[in-house]
Amino acid sequence: MRPFILADNQYITCTGVAALLDQMTLTEVVMTAASPAELMAGLARYPDAVVVLDYTLFGFTDVQMMHVNLKYCRSLWILFSDELSKQFLRQVLLAGQRFSVVMKTDTEEEILAALASAARDEVYLCDYAERLLAEGIPSRDAPDTLTVSERSVLHEIALGKTTKEIAFEKCLSFHTINTHRKNIFRKLGVNNVHDAIKYALRAGIIDAAEYYI
């Protein structure tokens, strides 16, 4: 059985979820985390845990949360909240990472289904999250328009290398690499390195393990 980490600052929520887990006999280990530091300690101990997280109460930025999710790639996270913006949810759901979504206002049936799915290592999206994905959001599997050279440069960018470092390693000019960089951003429709890296992760240009070395 997979451990569950309840990352929520509301006592009543943690108590309620723990009771449901016990009622469903989904796990033998339930721990609570009242801060990001406690959550990281819990994941270090149980890297395959299911994290039930109220993002709006926990003090994570979306970037920090997704980075931790990628670092502990065996974990599965349930975003469990009563208020998640459409923009935030769209970003998370299209990132291609292991996030389930269920709202605190959802029915008991949906909450139980989310917990049971996570115990089986399956992602679960409540009706609200499913509707967001159906609202004309571009597919995460958009056709890859990058050239071989551009994919290679993006791989190095995702590893945190500067334009100067990439140029030196590839025996190319700074101007050439900078032109590749501009073309990559233009083709992907992004304007910062973070969004370019997210694309690289989704497209398999770099994997999570390599990204965190």
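Engineer: How should I be thinking about the nonpolar core in this particular structure?
Structural biologist: Nonpolar side chains in soluble globular proteins tend to end up buried together. Membership of the largest hydrophobic core comes to 49 residues, with the highest contact counts inside it found for Leu39, Leu53, Met65, Trp77 and Leu115. Those residues in contact with Met65, other than ones at most four positions away along the chain, are Leu53, Tyr55, Phe60, Trp77, Leu79, Phe88, Val92 and Phe99. Counting residues in hydrophobic clusters, the runner-up holds 20 residues, among them Leu146, Leu154, Val190 and Ala200.

Engineer: What exactly am I supposed to notice about helix α5 (residues 86–93) here?
Structural biologist: Three- or four-residue spacings in an α-helix give side chains the same orientation, since the helix completes a turn every 3.6 residues. Considered for burial, the residues of α5 that qualify are Phe88, Leu89, Val92 and Leu93. Taken end-on, α5 shows its buried residues confined to a sector of 120°, consistent with a single buried face.

Engineer: Please clarify how unusual backbone geometry should be interpreted in this entry.
Structural biologist: Of note in this structure, Asp121 is not a glycine but carries a positive phi near 65°. Here Asp121 is to be found in the loop between α6 (108–119) and α7 (127–133). Since its relative accessible area comes to 38%, Asp121 is described here as partly exposed. Despite not being glycine, Cys171 shows a phi value in the positive range, around 55°. With respect to the secondary-structure elements, Cys171 resides in the loop between α9 (163–170) and α10 (174–188). Residue Cys171 is classed as exposed on the basis of its relative accessible area, which comes to 71%.

Engineer: Whenever I open this one, the pattern of salt bridges confuses me. Can you help?
Structural biologist: Pairing between side chains becomes possible if they bear opposite charge and their charged atoms approach one another. Following the criterion strictly, the structure yields 9 salt bridges and no others. A salt bridge links Asp121 to Arg98; its shortest N-O distance comes to 2.3 Å. Taken together, the residues Asp121 in the loop between α6 and α7 and Arg98 in the loop between α5 and β5 (99–103) connect sequence positions 23 residues apart. The class for Arg98 is partly exposed, based on a relative accessible area of 24%. Three or more residues joined by partner-sharing salt bridges are found here, namely Arg2, Arg98 and Asp121.

Engineer: Explanation requested: the packing of aromatic side chains in the structure shown.
Structural biologist: Aromatic rings in a pair are described by how distant their centres are and how their planes are angled relative to each other. Here the structure, examined in full by the defined rule, presents 1 aromatic pair. Relative to Phe99, the ring of Trp77 has its centre 5.9 Å away and its plane inclined at 75°; by these criteria the two rings are edge-to-face. Remark: Phe99 occurs in strand β5 and Trp77 occurs in strand β4 (residues 76–81); sequence separation between them is 22 residues. Judged by relative accessible area, which is 2%, Phe99 ranks as buried.

Calculation criteria
- Residues numbered from 1 in each chain as written.
- Predicted model: local features only at pLDDT ≥ 70, side-chain atom pairs only at ≥ 80, totals over all residues.
- Heavy atoms only, no water.
- Core = buried A, V, L, I, M, F, W, Y, C linked by side-chain atoms within 4.5 Å.
- Buried < 20%, exposed > 50% of the residue type's maximum accessible area, 1.4 Å probe, protein only.
- Contact = heavy atoms within 4.5 Å.
- Helix = DSSP H or I, 4+ residues; strand = E, 2+ residues; numbered from the N terminus.
- Arc of directions from axis to C-beta.
- Salt bridge = Lys/Arg side-chain N within 4 Å of Asp/Glu carboxyl O.
- Phe/Tyr/Trp six-rings, centres within 6.5 Å; stacked < 30°, edge-to-face > 60°.

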